[in-house]
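In case you want the letters, here they are:
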Amino acid sequence: PEWHLLAPREKYIHILETLSPRDYQEIMRKDDDGKLVIKNYPIQLYEKARNCKITLKEAYDNDSSEGKTKDWRNLVDIVNNWIKFKDGFFMDFTDMVENFLIHDHSFETDYFIVDEAQDLTPLQWDFVYLMAAKAKKVYIAGDDDQAIHEWNGADKWKNDMGCTLSGLSRTGNPSFRGSGKLP
């Protein structure tokens, strides 16, 4: 089954068990990869603001997309209704990251591995720093040529890409992907 960012506060369940088909169609769509994403501009902007750790107004003022609404008060109303809709019942992925950070659910571990780091948002980098502080070894990998989450606040390697983590750093061009030929 396709799982998504909405989940009850204490237990994860399938989105189709969470939203009515009409609700689902109004706020969700499938992207080019077939993954469910939010299609509602105000909610998408709200999520981006949270992931960038900026206010909704800052995100709105910085947005130059064609889909930008001109009605600020309507946008705020929609976002407030979204927050009320979720409050006490559902958590999206950003809620889960914020909850993890607020309550410091980090734990000691021997290894902490982050892949696709080019697509991390500033909020997700806070998660990485918190977990990395309690790990014996940290491995971070990413390829800025494959960045695809700028719509959600990721800014390739500009987000600090491990700059504040001490240790050995390697940057290079080698590809470890196979030639496509199997022996």
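Along each chain, residue indices are assigned from 1 in the same order as the chain's sequence is written. Selection of residues for local features in this predicted model requires a pLDDT of at least 70, selection of side-chain atom pairs for listing and counting requires 80 or more, and totals for whole chains, interfaces and linings are taken over all residues. Heavy atoms from the whole structure form the basis of all side-chain values; hydrogens and water molecules are not counted.

## Considerations on the nonpolar core
- Here, nonpolar core means buried Ala, Val, Leu, Ile, Met, Phe, Trp, Tyr and Cys residues that are tied together by side-chain atoms lying within 4.5 Å of each other. The rule is simple: take the accessible area with a 1.4 Å probe, protein chains only, and divide by the maximum for that residue type; under 20% is buried, over 50% is exposed, in between is partly exposed. Ranked by size, the top nonpolar core spans 11 residues in total: Tyr 41, Ile 43, Leu 45, Tyr 46, Ala 49, Leu 56, Ala 59, Tyr 60, Leu 75, Val 79 and Trp 82.
- Each helix is a run of DSSP H or I of at least 4 residues and each strand a run of E of at least 2, with the numbering of both proceeding from the N terminus. For this core, the secondary structure elements donating two or more residues are α2 (41-52), α3 (56-62) and α4 (72-86).
- It is α2 that provides the largest number of residues to this core, a total of five residues.
- Should any heavy atoms of two residues lie within 4.5 Å, those residues are considered in contact. In this view, Tyr 46 contacts Leu 56, Val 79, Trp 82 and Ile 83; residues no more than four positions away in its chain are not counted.

## Focus: the environment of Gly 153
- Along the chain, Gly 153 turns up in the segment after β6 (135-140).
- Judged by its relative accessible area of 9%, Gly 153 falls in the buried class.
- Sequence spacing of Gly 153 and Glu 47 is 106 residues, and the spatial spacing of their C-alpha atoms is 8.8 Å.

## A word on the pairing of β6
- We treat two strands as partners when DSSP finds at least two bridges between them. Both strand β5 (residues 109-114) and β6 contribute to a ladder of five bridges, which runs parallel. Looking at β6, one finds that Thr 109 is bridged to Ala 135.

## A closer look at helix α6 (residues 122-132)
- Residues of α6 that are buried: Leu 123, Gln 124, Trp 125, Val 128, Tyr 129, Met 131 and Ala 132.
- On its buried face, α6 sits against α2, α5 (93-102), β5 and β6.

## Topic: the pattern of salt bridges
- A carboxyl oxygen of Asp or Glu within 4 Å of a side-chain nitrogen of Lys or Arg is what we treat as a salt bridge. Per the counting criterion, the structure on display carries nine salt bridges.
- Asp 92 serves as the salt-bridge partner of Arg 50, at 3.3 Å between the closest nitrogen and oxygen. Here Asp 92 lies in the loop between β4 (90-91) and α5 and Arg 50 lies in helix α2, a separation of 42 residues in the sequence.
- A relative accessible area of 9% means that Arg 50 is categorised as buried.
- Between Asp 95 and Arg 50 there is a salt bridge, and its shortest N-O distance comes to 2.5 Å. Here Asp 95 is found in helix α5, whereas its partner Arg 50 is found in helix α2, with 45 residues between them in sequence. The same class applies to Asp 95 and to Arg 50, which are both buried.

## What about α4?
- Over its 15 residues, α4 extends 21 Å from the first C-alpha to the last, a length consistent with the 21 Å expected when each residue adds 1.5 Å.
- Of the residues making up α4, those classed as buried are Leu 75, Val 79, Trp 82 and Lys 86. Angularly, the buried residues of α4 cover 55° about the axis, an arc narrow enough to put them on a single face. Facing away from the buried side of α4, by more than 90 degrees, are the exposed residues Arg 73 and Lys 84.
- Pairs of N or O atoms within 3.5 Å make up the polar contacts considered here, provided that, within protein, one atom can donate a hydrogen while the other can accept it, and that residues adjacent in sequence are counted only when both atoms are side-chain atoms. Where α4 begins, the side chain of Asp 71 points an oxygen toward the backbone nitrogen of Arg 73, at a separation of 3.3 Å. Expected helix span is given by 1.5 Å per residue-to-residue step, counting one fewer step than there are residues. Regarding the arc, it is the one traced by the directions from the helix axis to the C-beta atoms.

## Considering the packing of α2 against α4
- Put simply, α2 and α4 touch, their axes get as near as 9 Å, and they point 75° apart. Between α2 and α4, the angle falls in the class roughly perpendicular. Between α2 and α4, the residues in contact are Tyr 41, Pro 42, Ile 43, Leu 45, Tyr 46, Glu 47 and Arg 50 and Leu 75, Ile 78, Val 79, Trp 82, Ile 83 and Lys 86, respectively.
- In this count, Pro and Cys sit with the nonpolar residues alongside Ala, Val, Leu, Ile, Met, Phe, Trp and Tyr, while Asp, Glu, Lys and Arg are called charged and the others, Gly among them, polar. Class assignment for the residues of the contact of α2 with α4 results in 10 nonpolar, no polar and three charged. Geometry is summarised by axes, namely lines fitted to C-alpha atoms with helices restricted to the contacting stretch, and by angles between N-to-C directions that run from 0 to 180 degrees. Just so you know how the angles are binned, under 35 degrees is roughly parallel, over 145 roughly antiparallel, 65 to 115 roughly perpendicular, and the rest oblique.

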